Amino acid sequence: MRDGIFLGILGMVEKFLWGMNYFSVAGLNSLTNFQLAAAIAMQKGEQCLTEHDHVIFSITLKASSELHDFNEGRKLHSLIFKVGSCDSFVSTGLIGMYAKCGIVEFARDVFNEVSEKDVVSWTSMIAGYVQNDGAEEGLNLFNERRWILVEPNELTVGFLLNACLKLAALHQGKWVHGYIIKNEVSLNSLLGTSLLDMYVKCGNIADARCVFNELPAIDLASWTAMVLGYTQRGHPSKAMELFPEKKWETMVPNSVTITGLLSACLPLRKVKMRRVVHLLGIQFGLVEDAIVRNDLVDMYAKCGMVGYANFIFSSNLSEDVVPWNSMIGGFALNGYAIEALSWFHRLRSSSTLPDAVTLVNVISACTYAHGMLVQHAGQCEELGLAPTTENCDCRVAILSTAGYANTGLLKRLMGSSTK
């Protein structure tokens, strides 16, 4: 049985090495530990493993973690228990392996059995909770840890900030920030951006900007995070103020940056700025990204620049319903009901299926075309879309505005919304 387990572990390590291209020249130069583990394992062959083989266990646990292979990891845990080779490194490897496989309860069981917990084991357990939707448990574990004489490191702080971000726990986040300042923890790009994101998520945009201003070096991640923070918190003009500053000119934006800038452009009605962001996307080849292209269609359509929106839409050969919704919604928003309904009929003639957003946009267009109201009021059932609170409320408001408040059509609609 042990031989079978051992061969399974070897196969897992080999699969990991090949999958990560570690048998390339560069990989071999940078992965001495994996080579060593595999070589030792091969030399042992059918020999029994001993308590001194913690190196092999640590490396193979790492492979199991990267492959998310719970079954082989569980077998390995059993073998470790039998030979009694569970030192701190192996224990941390087991915690990481179970956490990566999503079995946090098993990771906590291993953690509880570690007699001398160091910062690595604490951090691994906190990370396991945070990465598996257990941010609150991660913070609770850290609060428990604060009574023990083990100082957190940069990785610990990063996972704590991630937990605060997920929970929107501003008070705890400020405590972590205070710890960073008090202990003079270096704000590298990852840690600085995490701190900035935490303040944005918690709605404290002023402190987020203070963190941004204090970063020793601004990179694309932190700059994009600040742009998105301003945009998401209703300060699009401040987001655009970051755009033209000369000190950001050396950075190459990505699709996330462009979508953030496009979102900031939308409420500002600055035509020139929209075109600048669009040209920036073209310059760096980002308009080929589906999300960027859809956002461009949405921005131009909602701003009434339907010619630009139609041009970008026409270059989109995908069957995504999002750009269709943007075109229909853009026409409806700007009072072009006939055009909106015409685009809706084009959509129905295509291979793309409409969704609930499509229906809301069509009903909104009907506000400006009462003559077509009755024709389109029943589209929900015909399209096979379940009535939602949003689209039923929309239709009730439109029918009432059009003078159908006391008709059977409205009563039928109200009846369908309660099913």
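Quick caveat, the model's predicted, so the values are computed rather than measured.

*Asks:* I keep staring at the overall build of the protein and nothing clicks. Help me out?
*Replies:* Along the protein, the regular secondary structure elements total 26 helices and zero strands. Per-residue burial over the protein gives 46% buried out of 419 residues. At a minimum sequence separation of 6, the contacts of the protein that also span at least 24 residues come to 63%. Carbon and sulfur atoms make up 56% of the accessible area of the protein, which amounts to about 21,400 Å² in all.

*Asks:* What should I look at first to understand unusual backbone geometry in this one?
*Replies:* With glycine set apart, most residues show a phi of negative sign, and most peptide bonds adopt trans. The phi dihedral of Asp 133 is positive, around 60°, even though this residue is not glycine. Note on placement: Asp 133 falls in the loop between helix H8 (119-131) and helix H9 (135-145). The exposed category is assigned to Asp 133, whose relative accessible area is 75%.

*Asks:* Explanation requested: the side chain of Thr 224 in the structure shown.
*Replies:* Following the sequence through the fold, Thr 224 ends up in helix H14 (residues 220-232). Polar side-chain contacts of Thr 224 include one of 2.8 Å to the backbone oxygen of Leu 220.

*Asks:* Is there a simple way to explain the side chain of Asn 204 in this structure?
*Replies:* In this structure, Asn 204 sits in the loop between helix H12 (189-201) and helix H13 (205-214). The exposure class of Asn 204 is buried, given its relative accessible area of 16%. Separated by 2.9 Å, the side chains of Asn 204 and Asp 207 make a polar contact.

*Asks:* Mind showing me how you'd approach the layout of surface pockets here?
*Replies:* Any empty space left between the atoms is revealed when a probe the size of a water molecule rolls over them. The computed volume of the largest pocket comes to approximately 510 Å³. Lining the largest pocket are 22 residues, with Thr 92, Gly 93, Gly 96, Val 120 and Ser 124 sitting closest to its centre. For the lining of the largest pocket, the elements supplying multiple residues, two or more each, are helix H4 (54-67), helix H6 (88-100), H8 and helix H10 (154-167). Tallied by class, residues from the lining of the largest pocket come to eight nonpolar, 11 polar and three charged.

*Asks:* Quick question: what am I supposed to make of the nonpolar core here?
*Replies:* One recurring pattern in soluble globular proteins: nonpolar side chains tend to sit buried together. Of all hydrophobic cores here, the largest spans 94 residues; its most connected members are Leu 94, Met 125, Leu 161, Leu 196, Met 226, Val 277 and Leu 296. With near-sequence residues (within four places) excluded, Met 125 lies in contact with Ile 95, Val 104, Ala 107, Arg 108, Phe 111 and Leu 141.

*Asks:* Is there a simple way to think about the pattern of salt bridges in this case?
*Replies:* As a working rule, side chains carrying opposite charge can pair if their charged atoms are close by. Applying the stated criterion to the full structure yields three salt bridges. A salt bridge links Arg 108 to Glu 144; the shortest N-O distance between them is 4.0 Å. Here Glu 144 lies in helix H9 and Arg 108 lies in helix H7 (residues 104-113), a separation of 36 residues in the sequence. Residue Glu 144 is classed as partly exposed on the basis of its relative accessible area, which comes to 41%.

*Asks:* Could you clarify how one ought to interpret the packing of aromatic side chains in this entry?
*Replies:* The relation between two aromatic rings is expressed through the spacing of the ring centres and the mutual angle of the planes. Going through the model one piece at a time under the given rule, you end up with 12 aromatic pairs. Arranged with centres 5.0 Å apart and planes meeting at 75°, the rings of Phe 111 and Trp 122 form a pair that is edge-to-face. Placement of Phe 111 in helix H7 and of Trp 122 in helix H8 is noted, with a sequence separation of 11 residues between them. Relative accessible area serves as the criterion here: at 1%, Phe 111 is assigned to the buried category. Here the aromatic rings of Tyr 300 and Tyr 308 are separated by 5.1 Å at their centres, their planes lie at 20°, and the arrangement is stacked. The class of Tyr 300 is buried, set by a relative accessible area of 0%. Accessibility expressed as a relative area gives 38% for Tyr 308, which makes it partly exposed. Each residue in the set Phe 313, Trp 324, Phe 331, Tyr 336 and Trp 343 is aromatic and connected to the rest through ring pairs, giving one cluster. We note Lys 117 situated over the ring of Phe 111; from NZ or CZ to the ring centre the distance is 5.0 Å.

*Asks:* Just to check I follow, could you spell out the packing of H6 against H8 for this structure?
*Replies:* Helix packing for two helices is described by the angle between their axes and how far apart those axes are. Running from N to C, H6 and H8 cross one another at 5°; their axes reach a closest spacing of 9 Å. One element, H6, and the other, H8, form an angle in the roughly parallel class. Contact with H6, carried on its side by Thr 92, Ile 95 and Ala 99, involves Val 120, Ser 121, Ser 124, Met 125 and Gly 128 of H8 and no other residues of that element. Among the residues forming the contact of H6 with H8, the class breakdown is four nonpolar, four polar and no charged.

Scoring rules and cut-offs
Residues numbered from 1 in each chain as written. Predicted model: local features only at pLDDT ≥ 70, side-chain atom pairs only at ≥ 80, totals over all residues. Heavy atoms only, no water. Helix = DSSP H or I, 4+ residues; strand = E, 2+ residues; numbered from the N terminus. Buried < 20%, exposed > 50% of the residue type's maximum accessible area, 1.4 Å probe, protein only. Contact = heavy atoms within 4.5 Å. Areas by Shrake-Rupley, 256 points an atom, 1.4 Å probe, with all protein chains shown as cover. Polar contact = N/O pair within 3.5 Å; in protein donor to acceptor, adjacent residues only side chain to side chain. 1 Å grid on protein atoms, 1.4 Å probe; cavity = no way out; pocket = protein on both sides within 12 Å on 5 of 7 lines; lining within 4 Å. Points joined across faces, edges and corners; volume = space filled by probe spheres on them. Nonpolar A, V, L, I, M, F, W, Y, C, P; charged D, E, K, R; others polar. Core = buried A, V, L, I, M, F, W, Y, C linked by side-chain atoms within 4.5 Å. Salt bridge = Lys/Arg side-chain N within 4 Å of Asp/Glu carboxyl O. Phe/Tyr/Trp six-rings, centres within 6.5 Å; stacked < 30°, edge-to-face > 60°. Lys NZ or Arg CZ within 6 Å of the ring centre and 35° of its normal. Axes fitted to C-alpha atoms, helices over the stretch in contact; angles between N-to-C directions. Parallel < 35°, antiparallel > 145°, perpendicular 65-115°, else oblique.

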